[in-house]
Amino acid sequence: MHQFLAEQLKKLNLTPDKLDPTILNLLENISEEYQRITNLSQTADESLSTSQQNLAKLDRQLKAEHSQDEAIIQSMSEGLVVTDQEGFITMINNSAERLLALSAKSSIGRRLEDLVKFSQDSQPIAPDQLPIERAIREKKAVVLGLVDKISVQTGSQPPVPVSLSASPLRLDDQVTGVVLMIRNISDAQHMTSYIQKQVSERTTEVQEGRAQLMAAIRNLNIGFIMTDANLSIISVNNAAVRILGTGAMVHGELAVGNEGLTIESVDKQLGSTLQLATECRKSLTNKKPAEFNNVAFGELFLHIYISPITVGERSIGVAILAQDVTEARLLERSKDEFFSIASHELRTPLSAIRGNASMIEKFLDQIDKKDLQAMVHDIHDSSTRLIEMVRDFLDLSRLQQGKIKFEYSTFSLGDMVNDVVKELTPSAEQAGLYLKVDPFTLEVPPVKADYNRLRQVLVNLIGNAVKFTSQGGITVAGKYSHDWAVLSVSDTGRGISPEGQRLLFQKFEQTSENLLTRDTTRGTGLGLYISRLMMKGMNGTVKLVRSVPNRGSTFAFSIPLARATNTKPVANPLGDDPVVPSKDNTPQPNLAPNPKKGY
Amino acid sequence: MAKLIIIEDDPLMSRMYQKALDLFHHDVTLATDGIIGLELISKTRFDAILLDVMMPKMNGLDVLKRLKEDNKTKDIPVIILTNSVSDKVIDAAMKMGAKKYIIKSDYDPEQVVKMIDEIVNKDNQAEVSIKSKKPATSAETTPTKAD
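Please read these numbers as outputs of a predicted model, since none were measured by experiment. (Residues numbered from 1 in each chain as written. Chains lettered and ligands numbered in written order. Predicted model: local features only at pLDDT ≥ 70, side-chain atom pairs only at ≥ 80, totals over all residues. Heavy atoms only, no water.)

**Considering the overall build of chain A**
(1) Moving on: On a plain count of helices and strands, chain A comes out with 17 helices and 20 strands.
(2) Moving on: Sorting the 599 residues of chain A into buried and exposed places 41% on the buried side.
(3) Moving on: Within chain A, contacts between residues at least 6 apart in sequence are counted, and of these 62% link residues at least 24 apart.
(4) Moving on: Roughly 33,200 Å² of accessible area belongs to chain A as shown, and the carbon and sulfur atoms make up 53% of that amount. (Helix = DSSP H or I, 4+ residues; strand = E, 2+ residues; numbered from the N terminus. Buried < 20%, exposed > 50% of the residue type's maximum accessible area, 1.4 Å probe, protein only. Contact = heavy atoms within 4.5 Å. Areas by Shrake-Rupley, 256 points an atom, 1.4 Å probe, with all protein chains shown as cover.)

**A look at the pattern of salt bridges**
Two side chains carrying opposite charge are able to pair once their charged atoms lie near each other.
(1) Moving on: Under the definition given, this model contains 27 salt bridges over all chains.
(2) Moving on: For E138 of chain A, the salt bridge is made with R137 of chain A, and the minimal N-O distance between the two is 3.9 Å.
(3) Moving on: The class for R137 of chain A is partly exposed, based on a relative accessible area of 45%.
(4) Moving on: One connected set of salt bridges, linked through shared partners, spans R354 and K362 of chain A together with D108, E110 and K114 of chain B. (Salt bridge = Lys/Arg side-chain N within 4 Å of Asp/Glu carboxyl O.)

**What about the interface of chain A and chain B?**
(1) Moving on: Between chain A and chain B, the contact holds 28 residues from the first and 34 residues from the second.
(2) Moving on: Counting every contact that joins chain A to chain B gives 7 salt bridges.
(3) Moving on: Across the pair D106 of chain B and R347 of chain A runs a salt bridge whose closest N-O atoms are separated by 3.5 Å.
(4) Moving on: Our enumeration of links across chain A and chain B arrives at 12 residue pairs in polar contact (both at pLDDT 80 or more).
(5) Moving on: Put simply, the parts of the chain that give the side of chain A that touches chain B at least two residues each are α11 (326–363), α12 (369–400) and α16 (512–516) of chain A.
(6) Moving on: In terms of residue count, the dominant contributor to the side of chain A that touches chain B is α11 of chain A (13 residues). (Polar contact = N/O pair within 3.5 Å; in protein donor to acceptor, adjacent residues only side chain to side chain.)

**Some remarks on the sheet that holds strand β13 (residues 314–324) of chain A**
Residues and elements named next belong to chain A.
(1) Moving on: Ordered by their spatial adjacency, 5 strands build an open sheet running β10-β9-β13-β12-β11, and the pairing between neighbours is antiparallel. Looking along the sheet, the strands with just one partner apiece sit at the ends: β10 (233–236) and β11 (290–297). Pairs of neighbouring strands in the sheet enclose a mean axial angle of 25°, with direction left out of account.
(2) Moving on: In terms of strand pairing, β11 meets strand β12 (residues 300–311) through 6 bridges, oriented antiparallel. From the neighbouring strand, F292 faces β12, where its bridge partner is I304.
(3) Moving on: The strands touched by helix α10 (residues 276–286) are β11, β12 and β13; relative to β12, the strand with the most contacts, the crossing angle is about 30°. (Pairing = 2+ DSSP bridges. Axes fitted to C-alpha atoms, helices over the stretch in contact; angles between N-to-C directions.)

**Some remarks on unusual backbone geometry**
All names here are of chain A.
(1) Moving on: Even without being a glycine, S122 presents a positive backbone phi close to 70°.
(2) Moving on: Within the secondary structure, S122 is located in the loop between β3 (117–120) and β4 (123–124).
(3) Moving on: Phi angles above zero are rare outside glycine, and H482 is one such case at about 50°.
(4) Moving on: Here H482 falls in the exposed class, since its relative accessible area comes to 67%.

**As for the side chain of S151 of chain A**
Residue and element names in this part refer to chain A.
(1) Moving on: Following the sequence through the fold, S151 ends up in strand β6 (residues 150–153).
(2) Moving on: Exposure remark for S151: the relative accessible area of 15% places this residue in the buried category.
(3) Moving on: Setting aside chain neighbours within four positions, we find S151 in contact with K117, F118, S119, P159, V160, P161 and V162.

**Focus on the confidence of the model for chain A**
(1) Moving on: Mean pLDDT over chain A works out to 82, with 87% of the residues at or above the 70 mark.
(2) Moving on: Below a pLDDT of 50 lies the segment residues 505–513 of chain A, which in the model reaches 34 contacts outside its immediate sequence neighbourhood of four places, other chains included. (pLDDT = per-residue confidence, 0-100.)

**Side note on the pairing of strand β5 (residues 100–103) of chain B**
(1) Moving on: By the alternation rule, side chains of β5 of chain B split into K100 and I102 of chain B and Y101 and I103 of chain B, which are all buried.
(2) Moving on: Remark: the strand β4 (residues 78–82) of chain B/helix α4 (residues 87–95) of chain B/β5 of chain B crossover connection has right-handed handedness. (Right-handed = clockwise from strand over helix to strand, strands pointing away.)

**Some details on the nonpolar core**
(1) Moving on: L454, L458, I462, V476, F557 and I559 of chain A are the most contacted members of the largest nonpolar core, which totals 48 residues.
(2) Moving on: Discounting residues that sit within four places of it in the chain, I559 of chain A has contacts with V447, K448, A449, L454, D483, W484, A485, M535 and M538 of chain A.
(3) Moving on: In terms of nonpolar packing, the next biggest core, distinct from the first, is built from 30 residues, M375 of chain A together with A2, I6 and I102 of chain B among them. (Core = buried A, V, L, I, M, F, W, Y, C linked by side-chain atoms within 4.5 Å.)

**Considerations on the confidence of the model for chain B**
(1) Moving on: Per-residue pLDDT for chain B averages 86, and the proportion of residues at 70 or more is 84%.
(2) Moving on: For the stretch residues 131–141 of chain B, pLDDT sits under 50, and the model shows 11 contacts to residues farther than four places along the chain or on other chains.

**Notes on empty space enclosed by the protein**
Unfilled space is identified by rolling a water-sized probe across the atoms.
Residues and elements named next belong to chain A.
(1) Moving on: Within this structure, the stated rule accounts for 4 cavities of 30 Å³ or more.
(2) Moving on: In terms of residue count, the dominant contributor to the lining of the largest cavity is helix α6 (residues 131–138) (3 residues).
(3) Moving on: A breakdown of the residues in the lining of the largest cavity according to their chemical character gives 6 nonpolar, no polar and 2 charged. (1 Å grid on protein atoms, 1.4 Å probe; cavity = no way out; pocket = protein on both sides within 12 Å on 5 of 7 lines; lining within 4 Å. Points joined across faces, edges and corners; volume = space filled by probe spheres on them. Nonpolar A, V, L, I, M, F, W, Y, C, P; charged D, E, K, R; others polar.)

**A word on the environment of K3 of chain B**
Residue and element names in this part refer to chain B.
(1) Moving on: For K3, the position within the fold is in strand β1 (residues 3–7).
(2) Moving on: In this structure K3 comes out as partly exposed when scored by relative accessible area, which is 25%.
(3) Moving on: Placed 22 residues apart in sequence, K3 and H25 show a C-alpha to C-alpha distance of 9.8 Å.
(4) Moving on: Residue contacts for K3: discarding those within four places in its chain leaves D27, T29, T44, R45, F46, D47 and A48.
(5) Moving on: At 3.2 Å, the side chain of K3 and the side chain of D27 are in polar contact.

**A word on the sheet that holds β1 of chain B**
Residues and elements named next belong to chain B.
(1) Moving on: On the basis of which strands lie adjacent, the open sheet formed by 5 strands has the order β2-β1-β3-β4-β5 and parallel pairing. On the outer flanks of this sheet lie β2 (27–31) and β5, each paired with one strand and no other. Shown here is a sheet whose adjacent strand axes are inclined to one another by a mean of 20°, direction ignored.
(2) Moving on: Bridge count between β1 and strand β3 (residues 48–51): 4 bridges; the pairing is parallel. Bridge pairing in β3 links I6 to L50.
(3) Moving on: This element, α4, spans β4 and β5 of the sheet and lies at about 150° to β5.

**Observations concerning the packing of helix α2 (residues 34–43) of chain B against helix α3 (residues 60–69) of chain B**
Residue and element names in this part refer to chain B.
(1) Moving on: Between α2 and α3, the shortest axis-to-axis distance is 10 Å and the interhelical angle comes to 20°. Accordingly, the angle class assigned to the pair α2 and α3 is roughly parallel. Relative to α3, the crossing made by α2 is right-handed. Contact residues: G34, L38 and I41 in α2; V63, R66 and L67 in α3.
(2) Moving on: Each residue belonging to the contact of α2 with α3 can be placed in one class, and the counts come to 4 nonpolar, 1 polar and 1 charged. (Parallel < 35°, antiparallel > 145°, perpendicular 65-115°, else oblique. Left-handed = near helix turned anticlockwise from the far one by under 90°.)

**Section: the pairing of β3 of chain B**
Residue and element names in this part refer to chain B.
(1) Moving on: Alternating positions in β3 separate into two faces, A48 and L50 on one and I49 and L51 on the other, with burial throughout.
(2) Moving on: With 3 bridges connecting them, β3 and β4 associate as parallel partners. Pairing of I49 across the sheet is with V78, part of β4.
(3) Moving on: Handedness of the crossover joining β3 and β4 through α3 is recorded here as right-handed.

**A look at the environment of Q174 of chain A**
Residues and elements named next belong to chain A.
(1) Moving on: Its location among the elements puts Q174 in strand β8 (residues 174–184).
(2) Moving on: Q174 gets classed as exposed once you look at its relative accessible area, which sits at 52%.
(3) Moving on: Spatially, the C-alpha atom of Q174 lies 8.7 Å from that of K139, the residues being 35 residues apart in sequence.

**Quick look at a nonpolar patch on the surface**
All names here are of chain A.
(1) Moving on: On the surface, F4, L26, I30 and Y34 cluster together to form a nonpolar patch covering roughly 340 Å² of accessible area.
(2) Moving on: Residue contributions to the nonpolar patch peak at 3 residues, all from helix α2 (residues 21–75).
(3) Moving on: Look at Y34 and you get partly exposed, because its relative accessible area is 30%. (Patch = residues over 30% accessible without salt bridge, like charges linked within 9 Å, V, L, I, M, F, W, Y side chains within 5 Å.)

Right, here's the structure in full:
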């Protein structure tokens, strides 16, 4: 029986044994029910107590979490401003307070645009373009970074460059507010401008380096061509156009210029001497450079170097260097030719001396007096030829080694001319030619030169004129201007063909065919070259002034007047010497403007 | 007596060899360059040709080439008489069919005449032997070059 029921029965002085069993049974049921309610009540109490405990714990947890969030929000370096859906500030963290020079107290419940001024690229931002407004309106995040050049200014504080990120807060697709994150980017900006400056400086350096390199390549005396992987030319320097263009010109097939120059065109000009395109492709494939010496290209000889341009494993093109080695080759070749000609020229008079002398010795009684006279004359003539040749060789060698010392004196050019003309008149008359002196020659003021050397030059010029003139004669004329005297020797000879004129200044014919096809009776042809070197040594010039085929030629030399103050007066009326004689000590083969060819 | 032509541009040289050949009673014609020489050879039959190498207009090697290309002249013995000592020229001349290469300064004219006689006589003998259907002796092709 439940205690409560038992107590109630006791109050009524009833005991279970006095009760009707039915009532007792009922009471028993009630009692059980009581018991059950009591149990329930106990359970409810226990649950309540647990719940209260849990609640308290939860509350503590929540508080802790909130304060942690708060701490995070407050201590984060980015400024954080939260607004409601109308743009009124509901929260602002410490960083934002610091950054914007605002206090939470004064800003909560107000709009940010009323507190600070935002500007972009130093221009105020229109109210509807402010990120908070846009985030509310567009319902999406608005981010303005470094490149947008945003700055914020509060009152009279200096503007601070910032980046902004406004994100809408959403609840069931409704924007309930905006979280604006503000970051001070002045450091980043400094860094950026520093980097920009560095980049700009480096770029300038690279550009300068490139410009220097390009200038060097452009002005390089070696032809430079750069192609892509398809062998299309992407860069070419002046020398390449000059060297390879010249070859192209020789063949007359190609216009000179960057546009006209292609690997194929050069290849075509090269003909069978070098398969340039094939070699380039080979170099592209095997990534190895290739070198070709003495490649004939038109009238030139080239040294060609092909180098692949590789990036990692990939060939992106080739660089081709083409050096004009014609001069060096010709030098080498004409050295051989010089010795060959020198040997030939020396042997000829020697043969005449030996041969005639031996015949006179053995067959004296069989030779009549007239023949004997002719033979002795030839011996004498050959000896003279030999002596002149030896003198020329020696002069040349000494001139080229700079061993000739010019002995300067002041003398009358007219007197020298008269002296030389007097000496050469018999040989001119013998050839049926006149030899005249223009009277004005005597009016030329005294010159300063080495008398004997200058005389030698004049003898050479008149001698040549006599050799190559069959009718008419030779006129020597002197004139002067400023600091210079100019003496010309004009003949009525056969003239010099343009080809011959080119050879006068080019020293020597070069091919072996031409070497054999030469007129050996006219000497080594050293005379003009020696005259040139001598005139140069005396600060003068000797030149072919004019030549008309079948009408005649005029050679002239210029020499400073004695009254000229400078050792090298300006404005030489004949211009500067086009030929610069070599000063090295190697035997110089480039002796001879070959005067007979066409002269 | 043989009928000879000297193709030589230098009168100093042609005069001397003409004199020497005169002394040995040869009939000598002078040509001052290759073109004149070829012209004369086309008109007259010579027993031998004395040919200089270094000449204007047409050099000796070119003259030799023309002579050997022409059926009418290819069998006339050609003796190169020169002062060019280049091995290349000597080789070229001998390959082209010159009988002998004589360097002028190395011999007295009398020796040169003897060498010419030898070739002319041998050539005549060879002609005889061909006519009598006997095997021809091989022609001398050694260049005569002394140092």
